[in-house]
Amino acid sequence: MTRNGNFKRRVRTRAAKTGESYTSALSHIRAPQTTSQTEPQTDGPAGKSLRLAVAQTTVRLDPRDADAFRANGAEMRRLMRQARDAGARLLHFSEGTICFPNKRILSEIGPAEIGAADWSRYQWEVLREELEEIRKLARELKLWTVFGAPHRLTPPHRPHNSLYVVSDRGELVTRYDERLLSHTKISFMYSPGKIPVTFEVDGLRFGCAAGMESHYPEIFIEYERLDVDCVLFSTSGETPSAAPPFAAEVLGLAASNTYWVSYASHAPQSVIAPCGIAAPNGQWAALCPADGTPGIAFADITTNPENPARPWRRTARGDLYRLHQIEGDPRSDSREAF
């Protein structure tokens, strides 16, 4: 019974992934496979795993302060070394890791009023220097590193609010631009992004989200459709009192989509809601220190191909129920009788 159940789950999983009918998926899985006589036989595909680290860092708000940029760059590199010493393959940082520019300091009519951002006040060259050092260290440590920073566009366009993905070879492999921005960000500060972004490390697929996007479940449902195993969500955490909704949403999104979610923010919010890694069961697998200081947490994230939850939910979101809905029965249509 166990072997038969596993086989059926494999067929359903392939059908949900490819859009094939159950019969078509069955024929592919039953097709002869060429294996060596010494290769072990298993009931289903093996799961994958990876050691993930998430960091909470010092928040720097003044885009004019070059020394603060350098201090946070040094802090990032210290945490990168700590992550690699603990065996991490990927380290995930917050939104605006080097500097999360304050809207009032950037405002061309500020600080009393919030207006269009004057991005000439931002230390772009210092940022580039620090990011280059981070790229070099990622290559030296063989550590995938994901961090937040504004991405400058051609004037007069405003920058994107972005997450950079640097591989363990020190290569910038992709960039995610926040798509669903806050009122202030879209009115005065940034240009929105347009597309989801995924990348793979050791066979696991990651998606990226930023800012206030945990408020929008459609972002995370989209990543479920793109077959990610983990979403890296980076936010700011400048105001600790705003943290609890984000932390609660992260747990709910992990559970409802049956994948991992890494939650990276700045250290001040940790006294209320520390950063962490949410497991697919909606529980924290790891949490950073809850004391307002920079820190790091680790979890060995794994996949379970035998878990039927994701393929079932994909089926349920389709036309599964339409054929079973009752039409023309007054006991169903009337809503005014017991």
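It should be noted that the structure appears before, not after, this text.
Conventions we followed
- Here the residue numbering is sequential within each chain, running from 1 through the sequence in written order.
- It should be noted that, the model being predicted, local features are given only for residues of pLDDT at least 70 and side-chain atom pairs only at 80 or more, the latter also being counted only at that level, while totals for whole chains, interfaces and linings use all residues.
- The side-chain quantities take in all heavy atoms of the structure and omit both hydrogens and water.
- Labels follow the DSSP assignment, with helices taken as runs of H or I lasting at least four residues and strands as runs of E lasting at least two, numbered in each case from the N terminus.
- Buried means the residue's accessible area, taken with a 1.4 Å probe over protein chains only, is under 20% of the maximum for its type, while exposed means over 50%, and partly exposed covers the values in between.
- Contacts are residue-level and defined by heavy atoms, with any inter-residue pair within 4.5 Å sufficient.
- Each accessible area is a Shrake-Rupley result for a 1.4 Å probe, and residues are judged covered by the shown protein chains and nothing else.
- When a carboxyl oxygen of Asp or Glu is within 4 Å of a side-chain nitrogen of Lys or Arg, the pair counts as a salt bridge.
- Two strands qualify as a pair provided that DSSP identifies no fewer than 2 bridges between them.
- Between N-to-C directions, angles span 0 to 180 degrees; the directions come from axes that are lines fitted to C-alpha atoms, helices contributing only their stretch in contact.

So, on to the overall build of the protein chain. Counting secondary structure elements, the protein chain contains 10 helices and 12 strands. By residue count, 46% of the 338 residues in the protein chain fall in the buried class. Looking at the protein chain alone, contacts between residues at least 24 apart form 65% of all its contacts between residues at least 6 apart. Here the protein chain has roughly 17000 Å² of accessible surface; of this, 51% comes from carbon and sulfur atoms.

Next up on the list: the pattern of salt bridges. This model, assessed by the stated rule, comprises 20 salt bridges. Notably, a salt bridge pairs Glu132 with Arg135, separated by 2.4 Å at the nearest N-O pair. Remark: Arg135 and Glu132 occur in helix α5 (residues 124-141); sequence separation between them is three residues, near one turn of the helix. Given the relative accessible area of 22%, Arg135 is considered partly exposed. Glu178 is paired through a salt bridge with Lys185; the nearest N and O atoms lie 3.0 Å apart. Each member of the pair, Glu178 as well as Lys185, is classed as buried. Shared partners join several salt bridges into a network, and the residues in it are Glu224, Asp227, Arg310, Arg314 and Arg317.

Below, the discussion takes up the sheet that holds strand β8 (residues 230-234). In spatial order, the strands read β6-β7-β8-β9-β10-β11; together these six strands make up an open sheet with mixed pairing. In this open sheet, the two edge strands, each paired with only one partner strand, are β6 (198-201) and β11 (284-287). When the angles between neighbouring strand axes are averaged without regard to direction, this sheet yields 20 degrees. As paired elements, strand β7 (residues 204-210) and β8 share five bridges and run parallel to each other. Residue Ala210 lies in a different strand from β8, and its bridge partner there is Ser234.

On their own, these measurements won't tell you what the molecule is for.
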